[in-house]
Amino acid sequence: MDYIRDLIRDIPDFPKKGIMFKDITPVLSDIKALRLSIDEMTKPYVNQDIDVVVGIESRGFIFGAPMADKLNAAFVPIRKPDKLPWKTQKVQYQLEYGTDSLEIHTDAINEGDNVLIVDDLLATGGTAEAACELVAKIKGTIKGLAVLVELEFLKGREKLNPYNVHSIVKY
Ligand code: AMP
C-alpha cells in the first residue's frame, strides 16, 4: 500500500488554517494506483452479497461507482442539500462550527438491501455516521464502510461502531 501512500499529498492549512488536507488527486492521476485503490477497497466485500454501493459526495462517487461495477451492485449517491431532484430523506450532522446535512433519494434502496458505504477519507466520522443514519432511515442493511484514507488519530471509527470499517492507508 506504500505505492498509494506515497502519492497522497499533504496540503497544510486547506481549506482553512489548522487543517492538513490529504490530497488524493495524484492517486486518481496514476491509473495503477487508482485501480489498486478500487481493488483493495472492494476486496473484503466481494462475497458479502452487496446490493447497493452508496457513495458520499463528491470523492466517494469516484471510488464508489467502479466498486459497484466490481460487486455487480447498484450505485446510489448521497449528496449535499438541494442537489437531488426527487423525494429525499435528509440527515443533519454536527460540524466543528455549525451543522451540515446530507440527502438520499427515498426510493434509492429497497428495504433489506445490503449496502456498502464509500468515501475517500474518514476523519472525525461525522459524515460517515450521517450516511449510515440515512441508509438506516430508508431501511438498508449496512454491511460496512470502505474508505481510501483513515485519519486514525481523530477516532472516527469509534462513531461507526458496530459497523465494519475498512481503510487502505492510515495516518
Ligand atoms: P469527517 O466527517 O470529519 O469524517 O470528514 C470526512 C469528509 O470530509 C470526507 O468526505 C473527506 O473527503 C473530507 N475531509 C475531512 N478531513 C479531511 C482531510 N484532512 N483531508 C481531506 N479530506 C478531508
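Going by the structure above, here's the rest.
This structure is a prediction, so every number in the text was calculated from the model and none was measured.

Around the ligand lies a shell of 13 residues, among which R59, D119, T124, G125 and T127 are the nearest. D120 is positioned such that a nitrogen or oxygen atom in its side chain is 2.8 Å from an oxygen atom of the ligand. With respect to the ligand, the side chain of T127 contributes an N or O atom lying 2.5 Å from an oxygen atom. Within the complex, 81% of the 490 Å² of free accessible area of the ligand lies under protein. Breaking the shell around the ligand down by element, the ones donating at least two residues are β2 (20-23), β7 (114-122) and α5 (126-137). Broken down by class, the residue content of the shell around the ligand amounts to 5 nonpolar, 4 polar and 4 charged.

In the structure shown here, the tally under the stated rule is 10 salt bridges. In this structure, K90 engages E103 in a salt bridge whose closest nitrogen and oxygen atoms are separated by 3.6 Å. Pair noted here: K90 is in strand β5 (residues 88-94) and E103 is in strand β6 (residues 99-105), with a separation of 13 residues, a long-range link. When its relative accessible area of 38% is taken as the criterion, K90 is described as partly exposed. Overlapping salt bridges, with partners in common, bring together E150, R157 and K170 in one network.

Take D13: it is sitting in the loop between β1 (9-12) and β2. In this structure D13 comes out as partly exposed when scored by relative accessible area, which is 40%. Separated by 122 residues in sequence, D13 and V135 place their C-alpha atoms 33 Å apart. Setting aside chain neighbours within four positions, we find D13 in contact with G18 and I19. Polar contacts involving the side chain of D13 include one to the main-chain amide nitrogen of G18, which spans 2.8 Å.

Turning next to the environment of V27. Tracing the backbone shows V27 in helix α2 (residues 25-29). By relative accessible area, which is 0% here, V27 ends up buried. For the pair formed by V27 and R59, sequence separation is 32 residues and the distance between their alpha carbons is 12 Å. Leave out the neighbours within four places in its chain, and V27 touches I4, L7, I8, A33, L34, S37 and L148.

At a closest axis distance of 10 Å, the pairing of helix α3 (residues 31-42) and helix α4 (residues 59-71) adopts a crossing angle of 60 degrees. The angle between α3 and α4 falls in the class oblique. The two elements α3 and α4 meet at a crossing, and its hand is right-handed. Contacts from L34, S37, I38, D39, M41 and T42 in α3 reach F63, P66, M67, K70 and L71 in α4. Of the residues that constitute the contact of α3 with α4, the class distribution is 7 nonpolar, 2 polar and 2 charged.

Below, the discussion takes up the nonpolar core. Counting residues in hydrophobic clusters, the biggest one holds 25 residues, and the most contacted among them are V54, I109 and I117. For this core, the secondary structure elements donating two or more residues are β3 (52-56), β4 (74-78), β5, β6, β7, α5 and β8 (141-150). No other element matches the 6 residues that α5 contributes to this core. The next biggest cluster of nonpolar side chains, apart from the first, holds 24 residues, and it includes A33, L34, F63 and L71.

Mapping N114 onto the fold places it in strand β7. Its relative accessible area of 15% is what places N114 among the buried residues.

About the criteria used
- Residues numbered from 1 in each chain as written.
- Predicted model: local features only at pLDDT ≥ 70, side-chain atom pairs only at ≥ 80, totals over all residues.
- Heavy atoms only, no water.
- Near = heavy atom within 4 Å.
- Polar contact = N/O pair within 3.5 Å; in protein donor to acceptor, adjacent residues only side chain to side chain.
- Areas by Shrake-Rupley, 256 points an atom, 1.4 Å probe, with all protein chains shown as cover.
- Helix = DSSP H or I, 4+ residues; strand = E, 2+ residues; numbered from the N terminus.
- Nonpolar A, V, L, I, M, F, W, Y, C, P; charged D, E, K, R; others polar.
- Salt bridge = Lys/Arg side-chain N within 4 Å of Asp/Glu carboxyl O.
- Buried < 20%, exposed > 50% of the residue type's maximum accessible area, 1.4 Å probe, protein only.
- Contact = heavy atoms within 4.5 Å.
- Axes fitted to C-alpha atoms, helices over the stretch in contact; angles between N-to-C directions.
- Parallel < 35°, antiparallel > 145°, perpendicular 65-115°, else oblique.
- Left-handed = near helix turned anticlockwise from the far one by under 90°.
- Core = buried A, V, L, I, M, F, W, Y, C linked by side-chain atoms within 4.5 Å.

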